[in-house]
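In case you want the letters, here they are:
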Amino acid sequence: RRAFVVSQVALAFVLLLSAGLLLVSFQRLLAVDPGFSAEHVLTGHLTPIESRSPDDAALRAYAARVVARLRSLPGVEHAGVTSFLPFSFHNSSSVIIPEGYVPGPGESVVSPHQLYVTAGYLEAMRVPLRRGRFFTDSDTAGAPRVIIIDERLAERFWPGLDPIGRRMYQPQSPEALLNPGPDTEYMQVVGVVAPVKLRGLVEGEDARAGAYYIPYDQSPRRSLGFAIRTHGDGPLGTAA
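Residues numbered from 1 in each chain as written. Predicted model: local features only at pLDDT ≥ 70, side-chain atom pairs only at ≥ 80, totals over all residues. Heavy atoms only, no water.

### Quick notes on the overall build of the chain
Thinking step 1. Assigned secondary structure in the chain consists of 5 helices and 10 strands.
Thinking step 2. Taken over the C-alpha trace, the chain has a radius of gyration of 22 Å; the compact-globule value for 240 residues is 18 Å, which it surpasses by more than 25%.
Thinking step 3. Counting all 240 residues of the chain, 40% fall into the buried class.
Thinking step 4. In the chain, the share of contacts with a sequence separation of at least 24, taken over all contacts with a separation of at least 6, comes to 79%.
Thinking step 5. Looking at the chain as shown, the accessible area adds up to about 13,800 Å², and 57% of this sits on carbon and sulfur atoms. (Helix = DSSP H or I, 4+ residues; strand = E, 2+ residues; numbered from the N terminus. Rg over C-alpha atoms; globule rule 2.2 N^0.38 Å. Buried < 20%, exposed > 50% of the residue type's maximum accessible area, 1.4 Å probe, protein only. Contact = heavy atoms within 4.5 Å. Areas by Shrake-Rupley, 256 points an atom, 1.4 Å probe, with all protein chains shown as cover.)

### Quick notes on empty space enclosed by the protein
Thinking step 1. All told, the structure shown has 1 cavity of 30 Å³ or more when counted by the stated rule.
Thinking step 2. The computed volume of the largest cavity comes to approximately 40 Å³.
Thinking step 3. Lining of the largest cavity is provided by Phe36, Pro86, Leu115, Tyr121, Leu122, Met125, Val127, Val196, Leu198 and Tyr213.
Thinking step 4. Residue composition of the lining of the largest cavity, grouped by class: 10 nonpolar, no polar and no charged. (1 Å grid on protein atoms, 1.4 Å probe; cavity = no way out; pocket = protein on both sides within 12 Å on 5 of 7 lines; lining within 4 Å. Points joined across faces, edges and corners; volume = space filled by probe spheres on them. Nonpolar A, V, L, I, M, F, W, Y, C, P; charged D, E, K, R; others polar.)

### What to know about the pattern of salt bridges
Thinking step 1. A complete count under the given rule lists 7 salt bridges for this structure.
Thinking step 2. The residue Asp137 makes a salt bridge to Arg71 at a minimum N-O spacing of 3.4 Å. With a gap of 66 residues between them, Asp137 in the loop between β5 (129-132) and β6 (146-150) and Arg71 in helix α2 (residues 56-71) connect regions that are remote in the sequence.
Thinking step 3. Among the residues examined, Asp137 registers a relative accessible area of 55% and is labelled exposed.
Thinking step 4. Judged by its relative accessible area of 34%, Arg71 is partly exposed.
Thinking step 5. Taking the shortest distance from any N to any O, the salt bridge between Arg131 and Asp162 comes out at 3.5 Å. Within this pair, whereas Arg131 is found in strand β5, its partner Asp162 is found in the loop between α4 (151-157) and β7 (167-169), the two being separated by 31 residues in sequence.
Thinking step 6. On the basis of relative accessible area, Arg131 is assigned to the partly exposed category, the value being 41%.
Thinking step 7. Classification of Asp162 as partly exposed rests on a relative accessible area of 36%. (Salt bridge = Lys/Arg side-chain N within 4 Å of Asp/Glu carboxyl O.)

### Things to note about the packing of aromatic side chains
Thinking step 1. Per the counting criterion, the structure on display carries 4 aromatic pairs.
Thinking step 2. Ring geometry for Tyr101 against Phe157: centres 5.0 Å apart, planes inclined by 75°, an arrangement best described as edge-to-face. Taken as a pair, Tyr101 in the loop between β3 (97-98) and β4 (113-117) and Phe157 in helix α4 lie far apart in primary sequence, 56 residues in all.
Thinking step 3. With centroids separated by 6.0 Å and ring planes inclined at 70°, the aromatic side chains of Phe157 and Trp158 adopt a geometry described as edge-to-face.
Thinking step 4. Trp158 sits in the buried class, given a relative accessible area of 9%.
Thinking step 5. Ring pairing ties together the aromatic residues Tyr101, Phe157 and Trp158, which thus form one cluster.
Thinking step 6. Geometry around Tyr116 places Arg221 over its ring, the cationic atom sitting 3.9 Å from the centre. (Phe/Tyr/Trp six-rings, centres within 6.5 Å; stacked < 30°, edge-to-face > 60°. Lys NZ or Arg CZ within 6 Å of the ring centre and 35° of its normal.)

### Digging into unusual backbone geometry
Thinking step 1. If you check the backbone angles, Phe87 has positive phi at about 65° while not being a glycine.
Thinking step 2. Relative to the helices and strands, Phe87 is located in the loop between β2 (76-82) and β3.
Thinking step 3. What makes Phe87 partly exposed here is its relative accessible area of 38%.
Thinking step 4. Here the phi dihedral of Arg126 falls at roughly 55°; this positive angle occurs in a residue that is not glycine.
Thinking step 5. Along the chain, Arg126 falls in the loop between α3 (121-124) and β5.

### A look at the pairing of strand β9 (residues 211-215)
Note on strand geometry: in a regular strand, side chains alternate between the two faces of the sheet.
Thinking step 1. Within β9, 5 of the 5 residues are buried, leaving the element largely enclosed by the surrounding structure.
Thinking step 2. Alternating positions in β9 separate into two faces, Ala211, Tyr213 and Pro215 on one and Tyr212 and Ile214 on the other, with burial throughout.
Thinking step 3. Both β4 and β9 contribute to a ladder of 5 bridges, which runs parallel. Pairing of Tyr116 across the sheet is with Ile214, part of β9.
Thinking step 4. Sheet analysis places β6 next to β9, joined by 2 bridges and oriented antiparallel. Paired with Ile149 across the strands is Tyr212, a residue of β9. (Pairing = 2+ DSSP bridges.)

This is how it looks when you write it as structure tokens:
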């Protein structure tokens, strides 16, 4: 009986320590800044039917109609579209290169998170703007191509420098990594934002690469995530 009591006390002590460590870890996790504000925000996901939105022009028109309707709702402060909502499973990444960039010996290319967003999305998520500007409704398919990058990517390619006005491109082939051809489409950096936790509050190695944002109209996607920021009594009154 004595051995049984000692074993019970020892086991209870181990469980108590484990619970305490778990609570401390959870408190630290809650203190992590995700890079955006989720309060008063509604999110959702839509996939336009291919037969009704068969091409890029139809996808642009669909997204524009839905965003306009959302913005007109009472209580909506900002609304926008993204191809990748934080902590969702629709993430993608792609290699991007600054114009004239020469990698160091043994340096590998980076493949940051790529997001296609409309005007209003970053504002709805209250992602802090560090330099430049957010996208506007004038960043259309026919307008000059632009891009917003986060601070991680800015520090990777232009440490200590201002990236605004510089150009980047997405290589379409291995040969175009360092020798872009005449058909290469360049995007001008118009803004730098704070890093956003996209895959979880605790991120792995991919967090070092950063992220970049491209106007939705300049490269439409079929998978649409919506972010809607409300004011007043909060999102519940707007949800219906």
